[in-house]
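Each chain, written out:
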Amino acid sequence: MAMAWVWTGMVLLSLIFGLATGNLDAVANAALEGAGTAVELSISMAGILCLWSGVMEIMNVCGLSAKLARAFRPLLRRLLPGAARDEETLAAVSANVSANLLGLGNAATPLGIRAARRMARGCGGVASDELCRLVVLNTASIQLIPATIASLRAAAGCETPFDILPAVWLSSVLSVAAGLLAAWLLSRRKRGAA
């Protein structure tokens with residue numbers, strides 16, 4: 001609801017300043033041009049997301065995503081020992097991490113939600129430390145292939161959309177490390193206060 005007010009305010013301010021400065025035609029032209037650009041971007045993004053979703057489906061069919069998820073299980077068992085007790089929850093978490101690793105946030109979100117719902121059972125409406133770590137892993141995710149960002153760059157006309165890989169790798173590893181460290185420190189603080 002708040003964003004609706006923000007967007008409404010921006011549109012109204014644009015119209016008021018356009019009217020006050022005598023540039024209402026320029027405001028109208030900019031709005032039409034922006035709408036056209038948004039449609040072009042959406043269509044190109046849809047095509048690229050379909051491509052990467054297809055790659056993910058091929059990986060699922062050939063078993064590569066299951067093998068990748070299996071490779072993460074020892075690490076996830078240490079990070080989320082409670083989730084490791086339930087094989088279905090661990091499978092959802094592993095698949096979520098794998099999809100995020102491949103930069104497929106759209107595919108990772110339903111898996112993360114499924115894992116979070118399973119982990120939230122019996123929490124009494126308060127997120128456990130493990131559930132918080134899952135949220136950190138899901139939001140700060142390490143990405144090997146930033147498919148969404150690369151597709152945005154390609155849609156904007158970039159000839160080398162994947163030249164950002166080293167920066168993405170470094171920033172995603174650092175963000176996960178910082179998030180997990182913050183979750184660990186906050187859980188220790190909470191235990192110390194109790």
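The sections below set out a description of the structure shown in this document. (Residues numbered from 1 in each chain as written. Predicted model: local features only at pLDDT ≥ 70, side-chain atom pairs only at ≥ 80, totals over all residues. Heavy atoms only, no water.)

## A short note on the overall build of the protein chain
Logical step 1: For the protein chain, the helix and strand inventory stands at nine helices and zero strands.
Logical step 2: Secondary structure of the protein chain in N-to-C order comes out as α-α-α-α-α-α-α-α-α.
Logical step 3: The C-alpha atoms of the protein chain give a radius of gyration of 22 Å, which is well past the 16 Å a tight globule of 194 residues would have.
Logical step 4: Considering only C-alpha atoms, the protein chain reaches an extent of 65 × 45 × 30 Å along its principal axes.
Logical step 5: Across the 194 residues that make up the protein chain, the buried fraction comes to 29%.
Logical step 6: The long-range fraction of contacts in the protein chain, counting pairs at least 24 apart against all pairs at least 6 apart in sequence, stands at 62%.
Logical step 7: One finds the centroid of the 16 positive side-chain charges in the protein chain at a distance of 19 Å from the centroid of its 11 negative side-chain charges. (Helix = DSSP H or I, 4+ residues; strand = E, 2+ residues; numbered from the N terminus. Rg over C-alpha atoms; globule rule 2.2 N^0.38 Å. Buried < 20%, exposed > 50% of the residue type's maximum accessible area, 1.4 Å probe, protein only. Contact = heavy atoms within 4.5 Å. Lys, Arg positive; Asp, Glu negative; His and termini not counted. Charge placed at Lys NZ, Arg CZ, Asp CG, Glu CD.)

## Focus: a nonpolar patch on the surface
Logical step 1: A cluster of nonpolar side chains, contributed by Val 11, Leu 12, Leu 15, Ile 16, Leu 19 and Leu 24, occupies part of the molecular surface with about 550 Å² of accessible area.
Logical step 2: Mapping Leu 19 onto the fold places it in helix H1 (residues 2-21).
Logical step 3: Note on Leu 19: relative accessible area 62%, which makes it exposed. (Patch = residues over 30% accessible without salt bridge, like charges linked within 9 Å, V, L, I, M, F, W, Y side chains within 5 Å. Areas by Shrake-Rupley, 256 points an atom, 1.4 Å probe, with all protein chains shown as cover. Salt bridge = Lys/Arg side-chain N within 4 Å of Asp/Glu carboxyl O.)

## What about the pattern of salt bridges?
Logical step 1: Per the stated rule, a full pass over the model turns up two salt bridges.
Logical step 2: The shortest N-O distance in the salt bridge between Arg 118 and Glu 88 comes to 3.6 Å. Of this pair, Arg 118 sits in helix H6 (residues 105-120) while Glu 88 sits in helix H5 (residues 87-101), and the two are 30 residues apart along the sequence.
Logical step 3: Here Glu 88 falls in the partly exposed class, since its relative accessible area comes to 43%.
Logical step 4: Arg 153 is paired through a salt bridge with Asp 163; the nearest N and O atoms lie 2.5 Å apart. One end of the pair, Arg 153, is in helix H8 (residues 147-155); the other, Asp 163, is in the loop between H8 and helix H9 (165-193), with ten residues separating them in the sequence.
Logical step 5: The exposure class assigned to Arg 153 is partly exposed, which follows from its relative accessible area of 24%.

## Some words on the layout of surface pockets
Logical step 1: Taken as a whole, the largest pocket spans an internal volume of roughly 220 Å³.
Logical step 2: Residue lining of the largest pocket: Phe 72, Leu 75, Leu 76, Leu 79, Val 97, Asn 100, Leu 101, Leu 137, Ser 141, Ile 142, Val 176 and Leu 180, and that is the complete set.
Logical step 3: Tallying contributions element by element places helix H3 (residues 64-79) first for the lining of the largest pocket, with four residues.
Logical step 4: When grouped by side-chain class, the residues that make up the lining of the largest pocket number ten nonpolar, two polar and no charged. (1 Å grid on protein atoms, 1.4 Å probe; cavity = no way out; pocket = protein on both sides within 12 Å on 5 of 7 lines; lining within 4 Å. Points joined across faces, edges and corners; volume = space filled by probe spheres on them. Nonpolar A, V, L, I, M, F, W, Y, C, P; charged D, E, K, R; others polar.)

## With respect to H1
Logical step 1: Along its 20 residues, H1 runs 28 Å from first to last C-alpha, staying within 8% of the 28 Å computed at 1.5 Å per residue.
Logical step 2: The first or second residue beyond H1 is Gly 22, which carries a positive phi of 80°. (Expected span 1.5 Å × (residues − 1).)

## Overview of the nonpolar core
Side chains of nonpolar character tend, in soluble globular proteins, to be buried together.
Logical step 1: By size, the foremost hydrophobic cluster in this structure holds 20 residues, and its most contacted members are Leu 76, Leu 80, Val 93, Met 119, Leu 134 and Leu 137.
Logical step 2: Mapped by element, the contributors of at least two residues to this core are H3, helix H4 (81-84), H5, H6, helix H7 (129-139) and H9.
Logical step 3: Beyond its immediate chain neighbours, meaning those up to four positions away, Val 93 contacts Leu 76, Leu 80, Ala 115, Met 119 and Leu 134. (Core = buried A, V, L, I, M, F, W, Y, C linked by side-chain atoms within 4.5 Å.)

## Regarding the side chain of Asn 100
Logical step 1: With respect to the helices and strands, Asn 100 occurs in helix H5.
Logical step 2: What makes Asn 100 buried here is its relative accessible area of 5%.
Logical step 3: Polar side-chain contacts of Asn 100 include one of 2.9 Å to the side chain of Asn 138. (Polar contact = N/O pair within 3.5 Å; in protein donor to acceptor, adjacent residues only side chain to side chain.)

## Focus: H8
Logical step 1: Buried within H8 are the following residues: Ala 147, Ala 150 and Ser 151. For H8, the arc enclosing every buried residue in end-on projection is 100°, short of the 170-degree limit, so these residues lie on one face.
Logical step 2: Looking one or two residues past H8, Gly 157 carries a phi angle of roughly 100°, positive in sign. (Arc of directions from axis to C-beta.)

Take it as geometry only, folks, not as evidence of what the structure does.
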